[in-house]
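Spelled out from the first residue to the last, the chains are:
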Amino acid sequence: MVNSRLIQSVSFTSLRTFAVGVIVLASLVVPCRMSAQREYSPNFAIGGKAGATLSRMSFSPEVHQKFTQGMTMGLAARYTEEKYFGLIAEINFTQRGWDEDFVRDEAPQFNYTRTLNYVSIPLLTHIYFGSNKVRGFFNLGPEVSFMLSNSISANFDYENYKSIPDFPQGYRTNEQLNKEIERKFDYGIAGGAGVEVIVKGKHSFMLEGRYYFGLGNIYKDSKRDFFAASRNQSIEVTLKYMIRVK
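Note that the coordinates shown come from a computational prediction; the quantities given were computed from them, not determined experimentally.

A. Layout of the overall build of the protein. A tally of regular secondary structure across the protein gives one helix and nine strands. In the protein, the succession of α and β elements from N to C terminus is α-β-β-β-β-β-β-β-β-β. With 246 residues in all, the protein has 44% of them scored as buried. Long-range pairs, those at least 24 residues apart, make up 71% of the contacts in the protein with a sequence separation of at least 6. As displayed, the protein has an accessible area near 13000 Å², and 61% of this comes from carbon and sulfur atoms.

Next comes the structure, spelled out in structure tokens:
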């Protein structure tokens, strides 16, 4: 257990260092690029978004799981220049969580899904290219989230699973089934890509696929705790409507 946690810690530290480096680099490059642009036409737009999420957790020790479906919706503001770069800020309601995979344990009669409801705030570097009618884009930056609530859907008594005769035990991780969420604040890196269709120069529709990698844990992760890692991972597909106000 000590060796696996040490390897997990080294790997996580390296990933976190890389992620911080990406954020710092983006925060330096974008202002420099904007200041270097002598002629530009500022564009400020606001709008809303809605879509679906596919989520799971990165657990250590491993938890047999599969993606669970959820939803996301929110408000967005974007500031861009004519040449390639801008910033996007959002405030969203986002569902994450995980779905236990009992098929792997040869016990498909059991079902368990945990849904985590967050208010999330990403601040993303926006890189775009294309014409005045159709553009491609990439988004990358940090995201912070706060858990509003969480819920469990199960067809068995997950608080007393040890008393269920045919429940798989011993060879699978079950600690998470009735464990309370211990850390509601989350932070991580979000990155996505998509296409934007501009209508009459003022209205636009943006279809985006985005990946979120959480760097925080929902459970405590000291050497005395059961889980060394319990991080959110999610894929989002959204449609966003923006209207230019300046």
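B. A look at the layout of surface pockets. Considered as a void within the structure, the second largest pocket measures approximately 200 Å³ in volume. Those elements giving two or more residues to the lining of the second largest pocket turn out to be strand S1 (43–60), strand S3 (68–80), strand S7 (185–199), strand S8 (203–214) and strand S9 (229–244). Ranked by residue count, the leading element in the lining of the second largest pocket is S9, at three residues. By residue class, the composition of the lining of the second largest pocket is five nonpolar, six polar and seven charged.

C. Summary view of the environment of glycine 191. One can find glycine 191 in strand S7. A sequence separation of 52 residues divides glycine 191 from asparagine 139, and the C-alpha atoms of the two residues are 5.4 Å apart. Dropping the residues within four chain positions of it, glycine 191 is found in contact with Asn139, Leu140, Gly209, Arg210 and Tyr211.

D. Structural view of the side chain of serine 230. Examined against the element boundaries, serine 230 turns out to sit in strand S9. Note on serine 230: relative accessible area 1%, which makes it buried. A polar side-chain atom of serine 230 sits 3.0 Å from the main-chain amide nitrogen of tyrosine 219.

E. Structural detail: the pattern of salt bridges. Going through the model one piece at a time under the given rule, you end up with 12 salt bridges. Between glutamate 143 and arginine 96 there is a salt bridge whose closest N-O contact spans 2.6 Å. Taken together, the residues span a long stretch of sequence, with glutamate 143 in strand S6 (residues 134–154) and arginine 96 in strand S4 (residues 85–100) at a distance of 47 residues. We note that glutamate 143, like arginine 96, is buried. Across the pair glutamate 100 and arginine 172 runs a salt bridge whose closest N-O atoms are separated by 2.8 Å. Remark: arginine 172 occurs in the loop between S6 and S7 and glutamate 100 occurs in strand S4; sequence separation between them is 72 residues.

F. Looking closely at the nonpolar core. Membership of the largest hydrophobic core comes to 20 residues, with the highest contact counts inside it found for Phe156, Phe167 and Ile218. Listing elements by their share of this core, those giving two or more residues are S1 and strand S5 (112–130). Per-element tally for this core: the top contributor is S5, with three residues. Excluding its chain neighbours within four sequence positions, the residues that come into contact with isoleucine 218 are Met57, Trp98, Leu116, Tyr118, Ile181, Glu182, Arg183, Ser230 and Asn232. Judged by nonpolar contacts, the second largest core, of seven residues, contains Ala45, Ile88, Tyr128 and Met206.

G. Inspection of the confidence of the model for the protein at higher detail. With 83% of its residues at a pLDDT of 70 or more, the protein has an overall mean of 87. Predicted confidence for residues 22–38 stays below pLDDT 50, and this span has 16 contacts to residues more than four positions away or in other chains.

H. Region of the structure containing the side chain of glutamate 196. In this fold, glutamate 196 is placed in strand S7. At a separation of 2.9 Å, a polar atom in the side chain of glutamate 196 contacts the side chain of serine 204. Apart from the residues within four sequence positions on either side, glutamate 196 is in contact with Arg78, Lys133, Val134, Arg135, Phe137, Ser204, Phe205 and Met206.

I. Inspection of the environment of tyrosine 212 at higher detail. Residue position: tyrosine 212 is located in strand S8. Beyond its immediate stretch of four places on either side in the chain, tyrosine 212 contacts Arg96, Glu143, Asp186, Tyr187, Gly188, Ile189, Ala190, Asn232, Gln233 and Ser234. A polar side-chain atom of tyrosine 212 sits 2.8 Å from a polar atom in the side chain of aspartate 186. Only 3.3 Å separates the side chain of tyrosine 212 from the backbone nitrogen of glycine 188, close enough to count as a polar contact.

Rules and cut-offs
- Residues numbered from 1 in each chain as written.
- Predicted model: local features only at pLDDT ≥ 70, side-chain atom pairs only at ≥ 80, totals over all residues.
- Heavy atoms only, no water.
- Helix = DSSP H or I, 4+ residues; strand = E, 2+ residues; numbered from the N terminus.
- Buried < 20%, exposed > 50% of the residue type's maximum accessible area, 1.4 Å probe, protein only.
- Contact = heavy atoms within 4.5 Å.
- Areas by Shrake-Rupley, 256 points an atom, 1.4 Å probe, with all protein chains shown as cover.
- 1 Å grid on protein atoms, 1.4 Å probe; cavity = no way out; pocket = protein on both sides within 12 Å on 5 of 7 lines; lining within 4 Å.
- Points joined across faces, edges and corners; volume = space filled by probe spheres on them.
- Nonpolar A, V, L, I, M, F, W, Y, C, P; charged D, E, K, R; others polar.
- Polar contact = N/O pair within 3.5 Å; in protein donor to acceptor, adjacent residues only side chain to side chain.
- Salt bridge = Lys/Arg side-chain N within 4 Å of Asp/Glu carboxyl O.
- Core = buried A, V, L, I, M, F, W, Y, C linked by side-chain atoms within 4.5 Å.
- pLDDT = per-residue confidence, 0-100.

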